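# Report on the structure
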Amino acid sequence: MNAPLPMKVASEVKQAAGQAYEAVSRASNEVAGRLAQQLASNTTGEVLFSRADRGRYATDASIYQVVPTGVFIPRTTGDVKLALDICRDLKVPIVARGGGTSQCGQTVGAGLVIDHSKHVRNILHVDAANRTAQVEPGIVLDHLNAALKKLGLWYPVDVSTSAQATLGGMAGNNSCGSRSIAYGNMVHNVLGIEAWSADGQLLDFGRFEHSTGPARAIGERVQAMAALLAPEIDSRWPKVLRRVAGYNLDIFRNQNEKPYTADGSVNLAHLLVGSEGTLALTKSLTLQLAPLPTHKVLGVVNFPTFYKAMDSAQHIVKMGGPSLTAVELVDRTMIDLSLQNPAFAPIVRGAVIGQPDAVLLVEFSGDDKPALVRKVDELVELMGELGLPGSVVRMVDAEPQRKLWDVRKAGLNIMMSLKGDGKPVSFIEDCAVPLEHLAEYTDALTQVFRKHGSKGTWYAHASVGTLHVRPILDMRTDGAPKMRAIAEEASALVRKYKGAYSGEHGDGLCRGEWIEWQFGPKINEAFAQIKQLFDPQQLFAPNRIINPPRMDDTRLMRFPPRYKVIPLKTALDWQPWDVQNDPATERTSAPGTGGDPAHGFAKAVEMCNNNGHCRKFDAGTMCPSYRVTRDEQHLTRGRANTLRLALSGQLGSDGLASEEVAQAMDLCVSCKGCKRDCPTGVDMAKMKIEFLHHYKAKHGYTLKDRLIARLPDYAAHASGFAWLLNLRNRVPLLASLGEKLLGFSARRSLPEWQGTHFFNTPHKTATRDEVLAAAKPVVLFVDTFNGFFESANAQAALKVLQAAGYTVHIAQKLQADGKHLCCGRTYLSSGMVDEARAKAREVVDSLLPFARKGIAVVGLEPSCLLTLRDEMLSIGLGTDAQAVADAALLFEEFLAREAKAGHLEALKAKLRPLDRQVLLHGHCHQKAFAVVSPIIDVLQLVPGMQCELVESSCCGMAGSFGYEASHHDVSMQMAELSLLPAVRAKPGAIVVADGTSCRHQIHDGAQREAIHAAVLLAGQL
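Residues numbered from 1 in each chain as written. Predicted model: local features only at pLDDT ≥ 70, side-chain atom pairs only at ≥ 80, totals over all residues. Heavy atoms only, no water.

With that settled, consider the overall build of the protein. Helix and strand content of the protein: 46 helices and 25 strands. Taken over C-alpha atoms, the radius of gyration comes to 30 Å for the protein, in line with the 31 Å a tight globule of 1021 residues would show. Its C-alpha atoms give the protein principal-axis dimensions of about 95 × 75 × 60 Å. Taking all 1021 residues of the protein together, the buried fraction comes to 62%. Each charge class in the protein was averaged separately, 111 positive and 106 negative side chains, and the resulting centres sit 2 Å apart. (Helix = DSSP H or I, 4+ residues; strand = E, 2+ residues; numbered from the N terminus. Rg over C-alpha atoms; globule rule 2.2 N^0.38 Å. Buried < 20%, exposed > 50% of the residue type's maximum accessible area, 1.4 Å probe, protein only. Lys, Arg positive; Asp, Glu negative; His and termini not counted. Charge placed at Lys NZ, Arg CZ, Asp CG, Glu CD.)

Rendered as structure tokens:
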């Protein structure tokens, strides 16, 4: 449940109200000022009217951008009602918003955007016996299903954006999902809706025969319309499951192949389902739940041609029977793009046979697993009869199925990972046609794309004839007129095959104008009467469904003709993004030829298509700060939008140096979760380096910045005063003074300096020449942190490598100057790219001879070693840097590789058994580069090893982030999400964490000493 508003926050809200009017009216207009003032005075919600906040809410996952008057984040449903009253009095329209993942522009618009997703997201009641749940509209589908799982129930409208999509938004769109052949759409699974009408009345929409008052009166009016228009409804209404355009006037004269209710009754809540927030403002929804299937099996059918896949769908559906729950298409483009994504590639490789042009994921669900396996056998037989023997990959176990479905769910967003201005554009994306015409329709539409110099990227709910297809268009140039031409030809095909033009993702800005085309003028006029009946003031999302704009009105687009990027001299190399692509072939031009005035940085930022995948809360890494704050500006999407707005001058002339960008980037912990998890490859950690370079160039570096960045330079000298520097952790007065002067939190201990450390201790290791000539050579790259603060880690790694029979050389500078080799990580984290480049050049010069000879360079600190494989390739060091990157391996990566090659038998023989449980926490960069599993592999070399991986996001330290007083609370909240509770739950376990900052967080937050994996291994020798 929502916590009450703290007194301090409440007083701050009231104080802000006095300032809101003046600030907002000066920046916007009189009405906006009054709106902000009244919201701040009368509600407990967040009132966001800055240009950056409005800009972040001006877009969703569509091609459109409409800047709202303001944004309101209600804390309670009471706040929502107050906002409605204020907007009605001021005649300000309302745009209701959940996850902001709409494909067609439903959640953007002029007026006040009300974001329900942060607070108005409670489960109000669950009736397990009757399989119902009552929820608030802001709750995310995956969060609801996680709570229902222990009851053996789920809400089965399984949309691909289930980790982000809110139930209110799903109801607004009449969402469908991959398993609609079995469970239907939202309209089939909503039992009731409580909603406020435009005049502020709270109405209960449910079964018509039980309705009373205004809800009953509305139902009777709509019933009369349906009776009057019966011939039109019978002749014009699409007779397919997937039809979500307009309003559900047919609740009184069913046209859906799956009736809206099981008993044929009428439910007035279904008038609001699919209405896209144009009729009322939802307070709660009552949902029909379903039992969780006990078992699922999957047959992945590989097809040599796309046409054959489409033509086979109808036969698979006929064969499937009641246990068939999904038939989903993945085309060649999506397969290829998935193979380029490190998170998805191994999963896809296990599902394809050769190089198919398309695959169909055919799922059977039920309680009798042997019977489901027999259905897969039938599928194999069917494909043999259709001329495709040996085309089916069986997936009977749950985990491979889950992973493949995750890839399929990311499909739309994977397709958006094409670099260059040409992108797959959503506007005819989910036309639905009867299954028997599916192959003909897709073939004809492919010809339409070719005619207009484009190519479509496809995937589909093949079981129900809904195709997700996006032709590749350049919306900066000729995309809008081509979009119009393709839409007109596609609509003719939809009519020819008696389909629905809008089959899943709704109308919004891009399909509203096609409603009258689909239904005719008489039914369209009835829709207008329904809108007038519910909302005579045109308060809710005006000009949607009724009086919609043209789909190709460039004034409403994110990249209109007036869009320009401010020229920028970048510090990092962004040329790989500065390309153009050919819409017909998807081939991209050479790096640096894309014409980006920001030399590729703007195009890299624009890779974010607002899909909202970063809003997920599962065990993946991104986005840790958003998980704590739930603020849009602290989301990868929110940061990317802020950067885009700044780079295009929409936040003023300061560009990247603006305070709005600084605020958005402040809580980015550079975890690199987005580099791995973002389907379009937005690397916010790298973008933060670029931002800091420009921001600090204008505003200057603080003493704290310099102390952090230059740590590698003064570490050797400072270690001589270890006893003195370490007093700071023992004398509270010194800690308090340090916080005031430098900004390091007095509540946080600092790393302990060592007077005797790895770099001033003699070691029996090989020289450069000796390791170059050795039979089993390896180079150990010791970083600042493991060299000066935690020498035992480096010493342990050396011990293990030598025990395994390797000739070890400690990496060092070519020209000794009393300092160690440094990757430049601390400089990059402070935006000092030039200084980082100088450090990296020293590393490349020193390590290149080893890399060229194939000798591994092994590191201990993930953030340092992986800098050699990532940022060091973007600072202008050429092919030599790539050679070093190819040789760079983390300690466990190297050992895991050598173990697989059979080179560690001597080490394995020396390792003593361990009878204690081990908890493993992966560093964010290890997760981002998919190198956590080698740690487990190496630890399991120890006899008796029982290793458990902690399912955690960022530990919250993130280098210097967690040490800063301004970030301490957020840092601890990140740690408390999963890491610290997991550590406390196993008091007797050995905790392994390779990251210096991770170990420090565990020390401060759980009062436990975590160790590096090298220390554990060395301890067993």
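Ranked by internal contacts, the top residues of the largest apolar core, which has 86 residues, are Phe 601, Met 684, Met 687, Leu 847 and Met 872. Ignoring sequence-local partners within four residues, the contact set of Met 684 consists of Thr 636, Arg 639, Ala 640, Leu 643, Met 665, Cys 668 and Cys 674. One finds Leu 372, Leu 467, Leu 473 and Met 557 within the second-largest nonpolar core, a separate group that totals 62 residues. (Core = buried A, V, L, I, M, F, W, Y, C linked by side-chain atoms within 4.5 Å. Contact = heavy atoms within 4.5 Å.)

Turning our eyes to something else, we now look at the packing of aromatic side chains. Enumeration over the complete set of coordinates arrives at 20 aromatic pairs. Ring centres of Phe 758 and Phe 759 lie 5.9 Å apart, and the angle between their planes is 85 degrees; on these two criteria the pair is classed as edge-to-face. Look at Phe 758 and you get buried, because its relative accessible area is 2%. Judged by its relative accessible area of 28%, Phe 759 falls in the partly exposed class. Counting every residue linked through ring pairs, the aromatic cluster contains Trp 237, Tyr 247, Phe 519 and Phe 527. Lying across the ring of Phe 559, Arg 476 places its NZ or CZ 4.6 Å from the centre. Geometry around Trp 574 places Lys 686 over its ring, the cationic atom sitting 4.7 Å from the centre. (Phe/Tyr/Trp six-rings, centres within 6.5 Å; stacked < 30°, edge-to-face > 60°. Lys NZ or Arg CZ within 6 Å of the ring centre and 35° of its normal.)

Moving on: the pattern of salt bridges. Side chains carrying opposite charge are able to pair once their charged atoms draw close together. On inspection of all chains with the given rule, the structure shows 60 salt bridges. Residues joined by salt bridges that share partners form a network here, namely Lys 672, Lys 675, Asp 683, Arg 825, Asp 870 and Glu 871. (Salt bridge = Lys/Arg side-chain N within 4 Å of Asp/Glu carboxyl O.)

In this section: unusual backbone geometry. With the exception of glycine, most residues fall at negative phi, and the peptide bonds are largely trans. Positive phi values are uncommon outside glycine, yet Arg 630 reaches one of about 55 degrees. With respect to the helices and strands, Arg 630 occurs in the loop between α23 (624-629) and α24 (636-647). Residue Arg 630 is classed as buried on the basis of its relative accessible area, which comes to 18%.

Read across the open sheet, the 4 strands follow the order β20-β19-β21-β22; overall the sheet is parallel. A single partner strand is all that each edge strand has here, and the edge strands are β20 (807-810) and β22 (888-890). Pairwise comparison of adjacent strand axes, ignoring direction, gives a mean angle of 35 degrees for this sheet. The sheet contacts of helix α34 (residues 791-803) involve β19 (777-781) and β20, and relative to β19 the element is tilted by about 175 degrees. (Pairing = 2+ DSSP bridges. Axes fitted to C-alpha atoms, helices over the stretch in contact; angles between N-to-C directions.)

Moving on, we come to the environment of Ala 838. By the secondary structure assignment, Ala 838 is in helix α36 (residues 833-852). Judged by its relative accessible area of 45%, Ala 838 falls in the partly exposed class. Spatially, the C-alpha atom of Ala 838 lies 37 Å from that of Gly 1019, the residues being 181 residues apart in sequence.

Here the focus is the sheet that holds strand β9 (residues 202-205). Two orientations exist for strands paired in a sheet by backbone hydrogen bonds: parallel and antiparallel. One open sheet accounts for 5 strands, arranged β5-β6-β10-β8-β9; its pairing is antiparallel. The open sheet terminates on both sides in strands that have one partner only, identified here as β5 (123-127) and β9. This sheet shows a mean twist of 10 degrees between the axes of neighbouring strands, independent of strand direction. Those strands touched by helix α4 (residues 77-90) are β8 (190-196) and β10 (281-288), and its axis lies near 50 degrees from that of β8.

With that settled, consider the packing of α36 against helix α38 (residues 878-887). Following both chains from N to C, one finds α36 and α38 inclined at 65 degrees, their axes separated by 8 Å at the closest point. Our pair here, α36 against α38, has a crossing hand that is left-handed. Residue-level contacts link Arg 841, Val 844, Leu 847, Leu 848, Ala 851 and Arg 852 of α36 to Asp 880, Ala 881, Ala 883, Val 884 and Ala 887 of α38. When grouped by side-chain class, the residues that make up the contact of α36 with α38 number 8 nonpolar, no polar and 3 charged. (Left-handed = near helix turned anticlockwise from the far one by under 90°. Nonpolar A, V, L, I, M, F, W, Y, C, P; charged D, E, K, R; others polar.)

The subject of this paragraph is the packing of helix α2 (residues 30-42) against α4. It is at 10 Å that the axes of α2 and α4 come closest, and there the two elements cross at 155 degrees. Taken together, the axis directions place α2 and α4 in an arrangement best described as roughly antiparallel. Where α2 crosses over α4, the handedness of that crossing is right-handed. Here Val 31, Arg 34, Leu 35, Gln 38, Leu 39 and Asn 42 of α2 come into contact with α4, specifically with Leu 82, Ala 83, Ile 86, Cys 87 and Leu 90. Taken together, the residues that form the contact of α2 with α4 break down as 8 nonpolar, 2 polar and 1 charged. (Parallel < 35°, antiparallel > 145°, perpendicular 65-115°, else oblique.)

Attention shifts here to the confidence of the model for the protein. For the protein, per-residue confidence averages 92 on the pLDDT scale, and residues scoring 70 or more make up 96% of the total. For residues 1-18, every residue scores under 50 in pLDDT, and the model assigns this stretch 18 contacts once sequence neighbours within four places are set aside. (pLDDT = per-residue confidence, 0-100.)

Here we take up a nonpolar patch on the surface. Together, Phe 721, Trp 723, Leu 724, Leu 725, Leu 727, Val 731, Leu 733, Leu 734, Leu 737 and Leu 741 make up an exposed nonpolar region whose accessible area comes to about 970 Å². Mapped by element, the contributors of at least two residues to the nonpolar patch are α30 (722-725) and α31 (732-742). Among the structural elements, Leu 737 can be located in helix α31. (Patch = residues over 30% accessible without salt bridge, like charges linked within 9 Å, V, L, I, M, F, W, Y side chains within 5 Å. Areas by Shrake-Rupley, 256 points an atom, 1.4 Å probe, with all protein chains shown as cover.)

Attention shifts here to the pairing of strand β6 (residues 132-135). When β5 meets β6, the two strands line up antiparallel, connected through 4 bridges. If you follow Ile 123 over to β6, its bridge partner there is Val 135. The hairpin turn running from β5 into β6, its antiparallel successor, is 4 residues long, and Arg 131 in that turn takes a positive phi close to 55 degrees. One ladder, built from 4 bridges, connects β6 with β10; its direction is antiparallel. Residue Ala 133 lies in a different strand from β10, and its bridge partner there is Leu 287.

Another aspect to go through is helix α45 (residues 996-1006). Of all 11 residues that make up α45, 10 are buried, and the element is covered over most of its length. Of all the positions in α45, only Thr 996, Ser 997, Cys 998, Arg 999, His 1000, Gln 1001, Ile 1002, Asp 1004, Gly 1005 and Ala 1006 are classed as buried. Looking at the buried residues of α45, the elements they touch are α33 (784-788), α34, β23 (917-921), α43 (968-977), α44 (979-985) and β25 (990-993). With its phi angle positive at about 55 degrees, Gln 1007 sits one or two positions after the end of α45.

The next thing to look at is the environment of Glu 513. Along the chain, Glu 513 turns up in the loop between α19 (508-511) and α20 (515-519). In this structure, the C-alpha to C-alpha distance between Glu 513 and Asp 204, residues 309 residues apart in sequence, is 30 Å. Glu 513 has contacts with Arg 484, Pro 548, Pro 549, Arg 550 and Met 551, leaving out every residue within four places of it along the chain. Within the structure, the side chain of Glu 513 is placed 2.7 Å from the side chain of Arg 484, a separation counted as a polar contact. (Polar contact = N/O pair within 3.5 Å; in protein donor to acceptor, adjacent residues only side chain to side chain.)

Once that is clear, we can look at the state of the cysteines. In total, this model carries 0 disulfides according to the counting rule given. Cys 678 carries a free sulfur, and the closest cysteine sulfur to it, the one in Cys 608, is 6.5 Å from it. The thiol sulfur of Cys 947 is not disulfide-bonded, and the nearest other cysteine sulfur, from Cys 998, lies at 15 Å. (Disulfide = S-S within 2.5 Å.)

Under the 1.5 Å per step criterion, the end-to-end length of helix α14 (residues 369-385) is 25 Å for 17 residues, consistent within 8% with the ideal 24 Å. Along α14, the positions that sit buried rather than exposed are Leu 372, Lys 375, Val 376, Leu 379, Leu 382 and Met 383. Taken end-on, α14 shows its buried residues confined to a sector of 115 degrees, consistent with a single buried face. The exposed set on the far side of α14, more than 90 degrees from its buried face, consists of Glu 381 and Glu 385. (Expected span 1.5 Å × (residues − 1). Arc of directions from axis to C-beta.)

Side chains Gly 70 and Phe 72 of strand β2 (residues 70-73) all project onto a buried face; the interleaved residues Val 71 and Ile 73 project onto the opposite face, where all are buried too. Relative to β2, strand β1 (residues 46-48) runs antiparallel, the two being bridged by 3 bridges. Note that in β2 the partner of Val 47 across the bridge is Phe 72. In this sheet, strand β4 (residues 112-115) lies alongside β2 in parallel orientation, the contact comprising 3 bridges. Residue pairing in the sheet places Phe 72 in a bridge with Ile 114 of β4.

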